[in-house]
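Single-letter residue listing:
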Amino acid sequence: MMLRLMFGTLIMGLAMGNLFGQSTYRLPPPEVVEIIDAKPEPSLSLSPDGEWLLLLERDAMPAISDLSRRMLKLAGLRIDPVANGLFRTDYYRGLSLRRRSSDDVVRIPLPANVRIGTVNWSHLSDAFAFTVITDRGTELWRCDVHAWERPTKLTDRLSAVLADWTWMPDGTTIVAPIIPANRGPEPEAPTAPLGPVIEESLGNKSPTRTLQDLLTSPFDELLFDYFGTSQMVMIHQDGTVVPIGEPKMFELFSPSPIGNHFLVSIIERPYSYTLSYGSFPKTIAVFDLQGNCQYTVAKVPMEENIPIEGVRGGPRRVHWRAGFPANLCWVEALDEGDPKRKVDHRDRFMSILFPFDTPPKELFRLPHRFSGVSYFRDGTRLLATEVDRDRRWTTTYLYDLSIKPPKSTVFIDRSIRDQYGDPGRVVMEPDAQGNSVVLEADGKIFMTSNGATPDGLRPFLDQYQLNTGSKERLWRCEGECLESVVAVQPPSGTRAGYFLTRHESSTSPPNYFEWGWNGKDRIQRTSFRDPTPSIRSIQKQIVKYERADGVPLSATFYLPADHKPGTRLPLLVWAYPLEFSDAATAGQLTSSPFQFVRMTGISHLTLVTQGFCIMDNATMPVVGDPDTMNDTFIEQIVASAQAAIDKAVDLGVADRNRVAVGGHSYGAFMTANLMAHCDLFRAGVARSGAYNRTLTPFGFQAERRPLWEAKDSYLILSPFLSADQIKQPLLLIHGENDNNPGTFPVQSQRMYQAIRGTGGTARLVMLPFEGHGYRARESVLHVQAEMIDWLNRYVRDVVTSGSKDQ
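Predicted model only: the values in this text are computed from it and were never measured.

S.K.: For this particular structure, what's the right way to read the pattern of salt bridges?
M.R.: When charged atoms on two side chains of opposite charge get close, those side chains can pair. Tallied over the full model, the rule gives 54 salt bridges. The salt bridge involving R115 is made with D135; its shortest N-O contact spans 3.5 Å. With R115 in the loop between β7 (105–107) and β8 (116–121) and D135 in the loop between β9 (127–133) and β10 (138–144), this pair connects stretches of sequence that are 20 residues apart. Take D135: its relative accessible area is 65%, and that puts it in the exposed class. Close ionic contact of R502 with E504 constitutes a salt bridge, the shortest N to O distance being 2.9 Å. Residue class for E504 comes out buried when judged on its relative accessible area of 5%. What emerges from the salt-bridge pattern is a single network uniting E309, R389, D390, D627 and R704.

This is how it looks when you write it as structure tokens:
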């Protein structure tokens, strides 16, 4: 009788589970499975001298079993305890090598079902090293290009949790963190807690963005010590391993340009339960080859009490200066790290020379916050970049430090959001010691850019004459294609120059081409095939339109291949809001009508195979003062959505009565707000979003004000508090292991409960083991099935009574 009762209860439970939408993983329509499963083309890793092409083969998606492995969440990290490294699910599955000037391709012999992690070329271009993740740990391998058939395993004890491995300046030796020889077994969890977990605040302001995967107990601290402690070693070409000092919690171990010193950063106690490991106390110092401390740069305390968007005091961004044997540089805040303080200069750039027995010297000051530096080979010239937070402006200065006081000229000066005025990035190369330095030839440097224009992307290659400041365009993408420069080798002596490009079009997949320096001679170097020819006839165009307030907008518009002119289709508007200081930059195009269309992973573009037209990346600009623009967030996104729908209807394609909206992360937040504050949409899809802004009280996205300075905005912007106004069906999807700051899984769970509790229509899909984005094949295909079924049911297949637009 009891057995029969238990069986009956089980059957009832299964029935109730199905009633509430519980099920096993599902599949979308077969045509979508085929598209998503298509094997991607290999990635390309180019040797520093441009003579070798390393092809890295990839799988489309991992299996859910890869995600369900044991994972430790410690101090803001996700650790794979078996690999003794960061938890990962994406691997390269094979390596092939070829000369740039040859069609002969050789496959590097490696174990079957190999899982390759990172790959890194020696700056001598005669070898590369790579990691292999096994069921016993992480291995480090080396492969010489002239002995490719004999790759060598250097160690099977790599520690890849905190510090990284790198090549020494000689280009043959590798410095790497390994598991300490005397490390014992992993600590065992206590059977009972030793006591409560206690935190205390003593009146100091310490605003902190919402973080996840933090330490939670003394046992977590033990695990963090266990997996984070490493022994630094030098591994020579013949496999000899030489220890450097004693094991420590190294997060940085960087060799000096002459290879006689190491810049180290060591994590120290006490740890924090509210901050990630990057904010823990640390010692920044210089070690010799035996691991002895030669100079202490800074003893950095816990990084708390730092204003929102502020920085800590003391030395930060410490690094070796290229062009000098052992010269340390760093920046220091002059405004106490507070972006709201009014000062003439926010940062100063500091320098100290070996043997570090004289005080550090100030080289120059920056009016705004330092954001990066690029050195020339001689080390006396550099490009320093700053960011003006208030204006959203970036400026790069060219400094000549051989002149006293240093001479500076403005090299780049533009709005951060001004894509049309972006000159691009400076082309870099490794120097003789492997330092990344500005590529310079005959007094010229080179810049590559995406080339955003009002007609779409037109990438280009420019050269700058440093002594005159003149600029010359060497090459620009032309025709119905998207082609961008990936490597530059200017002429030198008798050597002819060339540059490599990545070319694609609406009908041809990305492939690599070599151009002569004259920009005319062109040779195809790879021949990757179209992995999804079935979608090649889908129609695509860039459309432009205006918001009611005159702000220019744009979107990429997709139509099914079999669409018949005059037929009105259901419309999906997919978007992600961005912030701008002015309307002009808000309307700039940042896409190309000639980009090769791929539908991978959880791409919403698969809806076009189900009869939808799609407004993809429909611009949703929020324009205004950076401190207050979110006060009109809802009004602006509603106006942008209205303009997008009007445009699709005016094109004679979309049915105004059958429109859906969707987005991921901040786009999901936008989606829920649109569903709550307008009646433009029949349904929505919100993936991995945040909906209650009181749970992110110290700012979110570009919001700088804490909750207590802008209570009304936080409340109005929380669709959770307007859940009773969401009258149309909303599909909520979230990874159970989402580690993105602010988008805790509970955000979707509580949003679903709010809609359900107030009588709305919603569906909640929680994906086991998935993070902020979804990776496993089972999860990806299930998400595709959910989106397609939801929008077919509530949008595509809805029978309407007609529309004034038809």
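S.K.: So what exactly am I meant to see when it comes to the packing of helix α2 (residues 30–37) against helix α10 (residues 777–796) here?
M.R.: Geometrically, a packed helix pair is captured by the angle between its two axes and the distance between the axes. Remark: α2 packs on α10, axes separated minimally by 11 Å, with the N-to-C direction vectors making an angle of 140 degrees. Relative to α10, the element α2 is oriented oblique. Here α2 runs over α10; the crossing is right-handed. Contacts between α2 and α10 involve V32, V33, I36 and D37 from the former and R777, V780, L781, Q784 and I788 from the latter. Split by residue class, the contact of α2 with α10 holds 6 nonpolar, 1 polar and 2 charged.

S.K.: Please clarify how the sheet that holds strand β12 (residues 166–167) should be interpreted in this entry.
M.R.: In a beta sheet, neighbouring strands are held together by backbone hydrogen bonds and run either parallel or antiparallel to one another. Strand order in the open sheet made by the 4 strands is β12-β13-β14-β15, with antiparallel pairing throughout. Two strands lie at the open edges of the sheet, namely β12 and β15 (241–243), each paired on one side alone. In terms of strand pairing, strand β14 (residues 231–235) meets β15 through 3 bridges, oriented antiparallel. Looking across to β15, one finds that M234 is bridged to V242.

S.K.: Hey, could you run me through unusual backbone geometry in this one?
M.R.: If a residue is not glycine, its phi is most likely negative; likewise, a peptide bond is most likely trans. Look at the link from R269 to P270: it is a cis peptide, with omega at 5 degrees. Here P270 shows up in the loop between β17 (261–267) and β18 (282–288). The peptide bond linking F354 to P355 adopts the cis configuration, its omega dihedral lying at 15 degrees. Structurally, the position occupied by P355 is in the loop between β22 (347–353) and β23 (361–366). Located in the positive-phi region is S125, a residue other than glycine, with phi close to 70 degrees. Position of S125 relative to the elements: it lies in the loop between β8 and β9. Located in the positive-phi region is N617, a residue other than glycine, with phi close to 50 degrees. Counting through the fold element by element, N617 comes out in the loop between β45 (613–616) and β46 (621–623).

S.K.: Which parts of the structure should I look at to understand helix α6 (residues 633–650)?
M.R.: Since there are 3.6 residues in each turn of an α-helix, residues three or four apart along the chain are aligned in direction. Spanning 18 residues, α6 covers 26 Å between terminal C-alpha atoms, matching the ideal 26 Å at 1.5 Å per step. Immediately downstream of α6, the backbone of G652 shows phi near 80 degrees, a positive value.

S.K.: Could you clarify how one ought to interpret the packing of aromatic side chains in this entry?
M.R.: The description of an aromatic ring pair rests on the distance of the ring centres and on the angle between the ring planes. This structure, assessed with the given rule, holds 30 aromatic pairs. For the pair F224 and Y271, a centre-to-centre distance of 5.3 Å together with 80 degrees between the ring planes defines the contact as edge-to-face. You can see F224 sitting in helix α4 (residues 218–228) and its partner Y271 sitting in the loop between β17 and β18, a full 47 residues away along the chain. Both residues of the pair, F224 and Y271, belong to the buried class. Through a chain of ring-to-ring contacts, three or more aromatic side chains come together here, namely Y576, F633, Y666, F669, F700 and Y714. In this structure, R69 packs its charged tip against the face of F87, placed 4.5 Å from the ring centre.

S.K.: When you look at the nonpolar core in this model, what are you seeing that I'm missing?
M.R.: Within soluble globular proteins, side chains that are nonpolar generally end up buried alongside one another. One finds Y545, F557, L571, V573, M615, L674 and F681 to be the most contacted residues of the largest nonpolar core, which totals 58 residues. Counting residues per element, this core draws most heavily on α6, which supplies 10 residues. When residues no more than four places from it in sequence are discounted, the contact partners of L571 are F557, F612, C613, I614, M615, I645, A648, A654, R658, V659 and A660. Counting 34 residues, the second-largest nonpolar core is a separate cluster that includes M599, L607, V685 and L731.

S.K.: What's the story with the pairing of strand β48 (residues 683–687) in this structure? I'm lost.
M.R.: If a strand is regular, its side chains alternate between the two faces of the sheet. Counting buried positions over the 5 residues of β48 gives 5, a clear majority of the element. The two faces of β48 match: A683, V685 and R687 on one face and G684 and A686 on the other face are all buried. Here 5 bridges tie strand β47 (residues 654–664) to β48, and the two strands are oriented parallel to one another. Paired with G662 across the two strands is V685, which belongs to β48. For the crossover that starts at β47, traverses helix α7 (residues 666–677) and ends in the parallel β48, the hand is right-handed. As judged from the 4 bridges shared by β48 and strand β49 (residues 730–735), these two strands associate in the parallel manner. Residue pairing across strands places V685 opposite L731, the latter belonging to β49. The handedness of the β48 to β49 crossover, carried by helix α8 (residues 711–716), is right-handed.

S.K.: Teacher, can you tell me more about the state of the cysteines here?
M.R.: Here is the idea: a disulfide is a covalent bond, and it sits between the sulfur atoms of two cysteines. In total, this model carries 0 disulfides according to the counting rule given. Distance from the sulfur of C293, which forms no disulfide, to the nearest cysteine sulfur (C329) is 19 Å. With relative accessibility at 48%, the residue C293 sits in the partly exposed group.

How each quantity is defined
- Residues numbered from 1 in each chain as written.
- Predicted model: local features only at pLDDT ≥ 70, side-chain atom pairs only at ≥ 80, totals over all residues.
- Heavy atoms only, no water.
- Salt bridge = Lys/Arg side-chain N within 4 Å of Asp/Glu carboxyl O.
- Helix = DSSP H or I, 4+ residues; strand = E, 2+ residues; numbered from the N terminus.
- Buried < 20%, exposed > 50% of the residue type's maximum accessible area, 1.4 Å probe, protein only.
- Axes fitted to C-alpha atoms, helices over the stretch in contact; angles between N-to-C directions.
- Parallel < 35°, antiparallel > 145°, perpendicular 65-115°, else oblique.
- Left-handed = near helix turned anticlockwise from the far one by under 90°.
- Contact = heavy atoms within 4.5 Å.
- Nonpolar A, V, L, I, M, F, W, Y, C, P; charged D, E, K, R; others polar.
- Pairing = 2+ DSSP bridges.
- Expected span 1.5 Å × (residues − 1).
- Phe/Tyr/Trp six-rings, centres within 6.5 Å; stacked < 30°, edge-to-face > 60°.
- Lys NZ or Arg CZ within 6 Å of the ring centre and 35° of its normal.
- Core = buried A, V, L, I, M, F, W, Y, C linked by side-chain atoms within 4.5 Å.
- Right-handed = clockwise from strand over helix to strand, strands pointing away.
- Disulfide = S-S within 2.5 Å.

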